[in-house]
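In case you want the letters, here they are:
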Amino acid sequence: MKKAVVIGGTGATGRRLIQQLLKSDDFKKVTSIGRRPVLDGNSHSKLSDIVIDSFSVLNETEDSWKNNDVFFNCIGTTRQKAGGARQFVDVELGISRLAATMAS
């Protein structure tokens, strides 16, 4: 059985993914790392829900990335929500790159 790390688990895609992973017999542990709790704050026996203030401190979650089999990146935003083109790139590329590095 596998263990997974998910970022962006509170968005439309991430929420569905988390639900599927928790239902799956193929996964024994799912670690969600994000700015808000997943599952509306409810607990699940397979879920480790790590809430951080900002993805700028993602490196502080380093121990949670160890010994996992798969990483899912469901981070996403719009330019308007991000506050402009530069901030959009910081989210879409910057956070994704840092998370991929941590997962590897």
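Please refer to the structure higher up on the page.
Please read these numbers as outputs of a predicted model, since none were measured by experiment. (Residues numbered from 1 in each chain as written. Predicted model: local features only at pLDDT ≥ 70, side-chain atom pairs only at ≥ 80, totals over all residues. Heavy atoms only, no water.)

S.K.: Explain the pairing of strand 2 (residues 27–34) to me, using residue names and the numbers behind them.
M.R.: Within strand 2, 6 of the 8 residues are buried, which leaves it mostly tucked inside the rest of the structure. Note that strand 1 (residues 2–7) and strand 2 share 6 bridges and pair parallel. Across the sheet, Lys 2 pairs through a bridge with Phe 27, a residue of strand 2. With helix 1 (residues 12–23) bridging strand 1 and the parallel strand 2, this β-α-β connection has right-handed handedness. For strand 2 and strand 3 (residues 47–51), the ladder comprises 5 bridges, and the chain directions are parallel. Following the sheet pairing, Gly 34 is matched in strand 3 by Val 51. (Buried < 20%, exposed > 50% of the residue type's maximum accessible area, 1.4 Å probe, protein only. Helix = DSSP H or I, 4+ residues; strand = E, 2+ residues; numbered from the N terminus. Pairing = 2+ DSSP bridges. Right-handed = clockwise from strand over helix to strand, strands pointing away.)

S.K.: An account of the layout of surface pockets is requested, with residue identities and associated values reported.
M.R.: Each pocket or cavity is described by its volume, and for the largest pocket that value is around 560 Å³. Around the largest pocket, the lining comprises 24 residues; the ones closest to its centre are Arg 35, Phe 55, Ile 75, Gly 76 and Thr 77. Tallying contributions element by element places strand 2 first for the lining of the largest pocket, with 3 residues. (1 Å grid on protein atoms, 1.4 Å probe; cavity = no way out; pocket = protein on both sides within 12 Å on 5 of 7 lines; lining within 4 Å. Points joined across faces, edges and corners; volume = space filled by probe spheres on them.)

S.K.: Give me the lowdown on the sheet that holds strand 1, citing residues and values where you can.
M.R.: Spatially, 4 strands are ordered 3-2-1-4 in an open sheet, and the strand pairing comes out parallel. Only two strands of the sheet have a single neighbouring strand rather than two, namely strand 3 and strand 4 (70–73). Looking at each pair of strands side by side, their axes are set apart by 15 degrees on average, direction ignored. Here 4 bridges tie strand 1 to strand 4, and the two strands are oriented parallel to one another. (Axes fitted to C-alpha atoms, helices over the stretch in contact; angles between N-to-C directions.)

S.K.: Requested: an account of the pattern of salt bridges, with residues and values cited.
M.R.: Evaluated as defined, the whole model comprises 3 salt bridges. With a shortest N-O distance of 3.8 Å, Asp 90 and Arg 86 are connected by a salt bridge. Highlighted residues: Asp 90 and Arg 86, both in helix 3 (residues 85–103), separated by 4 residues, approximately one helical turn. Residue Asp 90 is classed as partly exposed on the basis of its relative accessible area, which comes to 37%. Overall, Arg 86 belongs to the exposed group, its relative accessible area being 60%. (Salt bridge = Lys/Arg side-chain N within 4 Å of Asp/Glu carboxyl O.)

S.K.: Give me the side chain of Thr 31: which residues, what numbers.
M.R.: Along the chain, Thr 31 turns up in strand 2. Looking at Thr 31, the relative accessible area reads 2%, which means it is buried. In contact with Thr 31, not counting residues within four places along its chain, are Ala 4, Val 5, Val 6, Ser 48, Ile 50 and Ser 64. (Contact = heavy atoms within 4.5 Å.)

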